[in-house]
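Understanding the architecture of this molecule
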Amino acid sequence: MLKETATSVLGTQDKVLLASLKSHFLIVISNTCGKLIYCNDNFSQLIGLPNDSITGQTKQLLNSVINYKTIFYNLWRTLLTGKEWSGILFHKSTNNKAYSLNATVTPVHNDQGEVVKYTTICKDISNYYSKFKDSAPQFCEKGFWQDNYIKNILYLNVQGEIINASDRSLKKSESRIVGCSVFDFVNPINHDFVRAQIHKVFNKGKKAEFQSLGLSAKGNQRLYVSKINPVYNLNEEIIYATLKTVKQKTKPNTKLKAIETKYSNISQSINVGILVVTNSVGNIIEWNKGAELAFGYSNAEIIGAPLTILISKKHSETGVKELLKAKEQLDKYVCRENIELLGLRKNGEEFPLEFAVSHWRNGKEKFYCAFMLDISKRKALEAKLKKTSKDLELFLYRSAHDLKAPLTSAEGLLHLLKEEKLNKRVSLIVNMLDQTLEKGRLLLDDLAFASIISEKRRDIAIVDFQKILGSTMIGLKGIKNFESVAFHIAIEQETDFYFNRDLIDSILQNLIHNALRFAKPKTVAFIPTINILINVTNQDVNMSVTDNGLGLKENHIDKVFDLYFRVSNEESNGAGLGLYIVKRITDDFNGETRVESKFNKGTTFSVCLPNLKESTGNDN
Amino acid sequence: MTINNIMLIDDNKIDLFVNQRIIEKYNPEVKTRVFNNGNSALSFLKLLDLKETIESETIPSVILLDINMPEMSGFNFFKEFKQLSTLLKNKIEVYILSSSTSPDDVRKAQNESLCAGYITKPLTVDKLKSLLDKSVNMIQDEPFKKIV
């Protein structure tokens, strides 16, 4: 295009001038988007690519090198106002050679005054430009540099530029390392860190180091450690810094890499477990396959999103609170139990999650890893189990209850039978039958009661121990030994006690009944005694029943709370349920039962139960 | 006020037999009328209610009511019983007579305004004595009796 225009505007004698221009300058024409539409041979030589493969590509010249953002910005600002821009551009060719170009970029307007293209005329001034300006960067071949990098000491200025090298070969070689910036050999992600390290050396006079990954000649990944030390002049000013790079020993490195690969593979391949890693503000930066499957978001959708997107909206307020609490505790290095909350899938479905959080530091950044398990199945089973055990309790209750009816009928008939004229033998049998029936009735009563202990939790009220103990004693009046035993009762109660009254009544009744059952007979020298102590505090109640009766053999002590345990057939007429009920109640309410006994001396049963002041009634 | 007429409502024939015999032992002059379900007992009471001139002897002064019955439980019986005229209701004391010792049942009976007391089976002469003899003396003192 330029050729045509030039030919038509200029006379034939000017063609010589044009040819000389073309041979001395680099000429590039680009459209408004920066795409090349024409370049001359000089330019393609500089770029190192054939002419036709350049055309159509984004202008390499304007593709700024990271260090020269300001120039690039300045250039485009000038061009967009429609003005011409002149200045020095730096270019790094495909073979890593650096060029300084004295360039003039001119916008070309059409008839309406709109910019349609840009012409760029440049002159390569690399050969003498760097002599004037120190900061002109130089580039060397990477492979060459890497091999020598570790053998040499490099000297850096405050900008991180390499101002000298200890090895002459590095200095003299065609692609000199002197003049390059150290940043050219560092992964851009780590530029800030390396810059800070250099800053530390120059401003604080401290030693610093950084690590970098590179490929060895054989193509293995290697870890390099670079140490930077300040160098002082006689006035104790830092004039430059030395950079010494050593190759990290290969073996631990490959091991490390193997471990890293292994763990990253493990975390990725876990399908059951859900792993989500977030940064310190709670945005997701990584997750595994299991998480993707569970939540239904794709990787691209989720990375960078806040963790709360995965928590049910219904639950989000409490859920987030829980999470923050967990985070706070983690920050204080406190271990925490797992949290249960409702997760939210992409399609809006909710599902229960168990949630464990851990965290670690990497430099200054904190990371949090949430390990979650989909517990829908477990939750469903839990609910089913709850229902089944409730059904079972109800079944037991109903059965015990219904079985009682025929027993009482039989008892009624037996009472009638007793009134008849019976001979001695029949009357003996009738009495035995009566006892048997009563035992059965008591057993069924206990069974029915044991099956509704959990139900009683709903009905919590103030407990008046004096009153309950009074009615318990009245209820026990007919029991054998009752009349011969001396009772000592002490109740200390400063504050209101909240519990289920029926359960307290049952505990006292069973403990006292038990003590009566094992009382020794009264003699002139011996008075069977039962001490009842009740001590109520704000937190709990301690009830103890002590007798001076038969006592327990040592091998029986552990078993007294077992279901259907009886010391012997002759001495006790209990069903073996009483103490089991006591134990069940205390276990249900996280209380405590203790038993101390000396054979032939007596036994003490103690029960400790919590004061349910706070949770009155709404514990379900 | 003397007790001369007791109504028994129970689905269990053996229990009815036992109770009748016990009442007989307690006082042979007391008449008993037995029903094996609540509905028939209620229709009998409704019939009494309709008759303007009832011989006071036919009106039961005490009803002993079982809880656990098919069709109509003891507690449902009370719902219907409430519909009867005040005149009749005032003459009758209804006691629950049940084998259940469940605190729930006792509490329910206590909350029933027309229920005068709770007796656990089996019925004995002693229980009947403490129920009927005392009810003559201290009817005001004890609005609800529990006899185990």
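For the structure itself, look to the data block above.
Everything in this summary refers to the structure shown in the same document. (Residues numbered from 1 in each chain as written. Chains lettered and ligands numbered in written order. Predicted model: local features only at pLDDT ≥ 70, side-chain atom pairs only at ≥ 80, totals over all residues. Heavy atoms only, no water.)

The subject of this paragraph is the overall build of chain A. A tally of helices and strands in chain A yields 19 helices and 22 strands. Taking all 620 residues of chain A together, 39% fall into the buried category. A total accessible area of about 36400 Å² is found for chain A, and carbon and sulfur atoms account for 54% of it. (Helix = DSSP H or I, 4+ residues; strand = E, 2+ residues; numbered from the N terminus. Buried < 20%, exposed > 50% of the residue type's maximum accessible area, 1.4 Å probe, protein only. Areas by Shrake-Rupley, 256 points an atom, 1.4 Å probe, with all protein chains shown as cover.)

So, on to the pattern of salt bridges. All names here are of chain A. Going through the model one piece at a time under the given rule, you end up with 21 salt bridges over all chains. Here Asp-434 ties to Lys-418 by a salt bridge, and the two come within 2.5 Å at their closest N and O atoms. Remark: Lys-418 occurs in helix H14 (residues 376-419) and Asp-434 occurs in helix H15 (residues 424-451); sequence separation between them is 16 residues. Residues participating in the shared-partner salt-bridge network are Glu-354, Arg-378, Lys-379 and Glu-382. (Salt bridge = Lys/Arg side-chain N within 4 Å of Asp/Glu carboxyl O.)

Residue and element names in this part refer to chain A. A cluster of nonpolar residues, Ile-259, Tyr-263 and Ile-266, forms a patch on the protein surface that exposes about 290 Å² of accessible area. Tracing the sequence through the fold places Ile-259 in helix H10 (residues 250-269). We classify Ile-259 as partly exposed; its relative accessible area is 41%. (Patch = residues over 30% accessible without salt bridge, like charges linked within 9 Å, V, L, I, M, F, W, Y side chains within 5 Å.)

Before going further, it helps to spend a moment on the interface of chain A and chain B. Facing the 19 residues of chain A at the interface are 19 residues of chain B. Scanning the region where chain A abuts chain B turns up 2 salt bridges. For Asp502(A), the salt bridge identified is with Arg107(B), shortest N-O distance 3.1 Å. Joining chain A to chain B, the criterion identifies 8 residue pairs in polar contact (both at pLDDT 80 or more). With 14 residues, the single largest contributor to the side of chain A that touches chain B is H14(A). The residue inventory of the side of chain A that touches chain B, partitioned by class, reads 4 nonpolar, 5 polar and 10 charged. (Contact = heavy atoms within 4.5 Å. Polar contact = N/O pair within 3.5 Å; in protein donor to acceptor, adjacent residues only side chain to side chain. Nonpolar A, V, L, I, M, F, W, Y, C, P; charged D, E, K, R; others polar.)

A separate point is the sheet that holds strand S22 (residues 602-610) of chain A. All names here are of chain A. The sheet built from 5 strands is open, its strands ordered S17-S19-S20-S22-S21 with mixed pairing. Because the sheet does not close on itself, it has two edges, and the strands there are strand S17 (486-493) and strand S21 (592-598). Across the sheet, the mean angle separating the axes of adjacent strands is 10 degrees when strand polarity is ignored. Pairing geometry for strand S19 (residues 529-536) and strand S20 (residues 540-547), over 7 bridges, is antiparallel. Bridge assignment links Asn-531 to a residue of S20, and that residue is Thr-546. Against the sheet, helix H16 (residues 465-475) makes contact with S17, S19 and S20, and its axis sits at roughly 160 degrees relative to S17, the strand it touches most. (Pairing = 2+ DSSP bridges. Axes fitted to C-alpha atoms, helices over the stretch in contact; angles between N-to-C directions.)

One face of the sheet, then the other: side chains in a regular strand alternate in exactly this way. Residues and elements named next belong to chain B. Going residue by residue along strand S3 (residues 62-65), you find Val-62 and Leu-64 tucked away on one face and Ile-63 and Leu-65 tucked away on the opposite face as well. Both strand S1 (residues 5-9) and S3 contribute to a ladder of 4 bridges, which runs parallel. Bridge pairing in S3 links Ile-6 to Val-62. Looking at chain direction, S3 and strand S4 (residues 93-98) are connected through 4 bridges and run parallel. The residue bridging Val-62 from the neighbouring strand is Glu-93, located in S4.

As a further point, take the packing of aromatic side chains. The final tally for this structure, using the stated rule, is 11 aromatic pairs over all chains. Centre to centre, the rings of Phe465(A) and Phe497(A) are 5.5 Å apart; their planes meet at 45 degrees, and the pair counts as tilted. Here Phe497(A) lies in the loop between S17 and strand S18 (498-499) and Phe465(A) lies in helix H16, a separation of 32 residues in the sequence. One exposure class covers both Phe465(A) and Phe497(A), and it is buried. Ring centres of Phe35(B) and Phe44(B) lie 5.6 Å apart, and the angle between their planes is 45 degrees; on these two criteria the pair is classed as tilted. The pair formed by Phe35(B) and Phe44(B) is uniform in burial state, with each residue classed as buried. (Phe/Tyr/Trp six-rings, centres within 6.5 Å; stacked < 30°, edge-to-face > 60°.)

Here we take up the nonpolar core. Residue and element names in this part refer to chain A. Counting residues in hydrophobic clusters, the biggest one holds 46 residues, and the most contacted among them are Phe-465, Phe-499, Ile-504, Ile-534, Met-543 and Ile-585. Of all the secondary structure elements, the ones that give two or more residues to this core are H15, H16, S18, helix H17 (501-517), S19, S20, helix H19 (578-588) and S22. Broken down by element, the residue count for this core peaks at 8 residues, all from H17. (Core = buried A, V, L, I, M, F, W, Y, C linked by side-chain atoms within 4.5 Å.)

All names here are of chain A. Across the sheet, which stays open at both edges, the 5 strands sit in the order S12-S11-S15-S14-S13 with antiparallel pairing between neighbours. Looking along the sheet, the strands with just one partner apiece sit at the ends: strand S12 (284-287) and strand S13 (339-344). Averaged over all pairs of adjacent strands, the angle between strand axes in this sheet comes to 35 degrees, irrespective of strand direction. Bridge count between strand S11 (residues 273-279) and S12: 3 bridges; the pairing is antiparallel. Note that in S12 the partner of Val-277 across the bridge is Glu-286. Against the sheet, H14 engages S13, strand S14 (350-362) and strand S15 (365-374), with an angle of about 130 degrees to S14.

Another point: the environment of Thr603(A). Residues and elements named next belong to chain A. Examined against the element boundaries, Thr-603 turns out to sit in strand S22. By relative accessible area, Thr-603 is classed as buried at 5%. Along the sequence, Thr-603 and Val-545 sit 58 residues apart, while their C-alpha atoms lie 8.1 Å from each other. Side chain to side chain, Thr-603 and Ser-597 meet in a polar contact 3.0 Å long.

Attention shifts here to the packing of H14(A) against helix H1 (residues 13-26) of chain B. Two numbers describe how H14(A) lies on H1(B): the axes approach to 9 Å, and their chain directions differ by 35 degrees. Taken as a pair, H14(A) and H1(B) cross one another with a handedness that is left-handed. Residues Ser409(A), Gly412(A), Leu413(A), Leu416(A) and Glu419(A) of H14(A) touch H1(B), and the partners they reach there are Ile14(B), Asp15(B), Phe17(B), Val18(B), Arg21(B), Ile22(B) and Lys25(B). A breakdown of the residues in the contact of H14(A) with H1(B) according to their chemical character gives 6 nonpolar, 2 polar and 4 charged. (Left-handed = near helix turned anticlockwise from the far one by under 90°.)

Attention now goes to the packing of helix H2 (residues 38-50) of chain B against helix H3 (residues 74-81) of chain B. Residue and element names in this part refer to chain B. Close contact between H2 and H3 brings their axes to 10 Å; oriented N to C, the two are set at 20 degrees. The angle between H2 and H3 places the two elements in the roughly parallel class. Pair H2 / H3 crosses with right-handed handedness. Between H2 and H3, the residues in contact are Gly-38, Ala-41, Leu-42, Leu-45 and Lys-46 and Phe-77, Glu-80 and Phe-81, respectively. Across the contact of H2 with H3, the residue classes tally to 5 nonpolar, 1 polar and 2 charged. (Parallel < 35°, antiparallel > 145°, perpendicular 65-115°, else oblique.)

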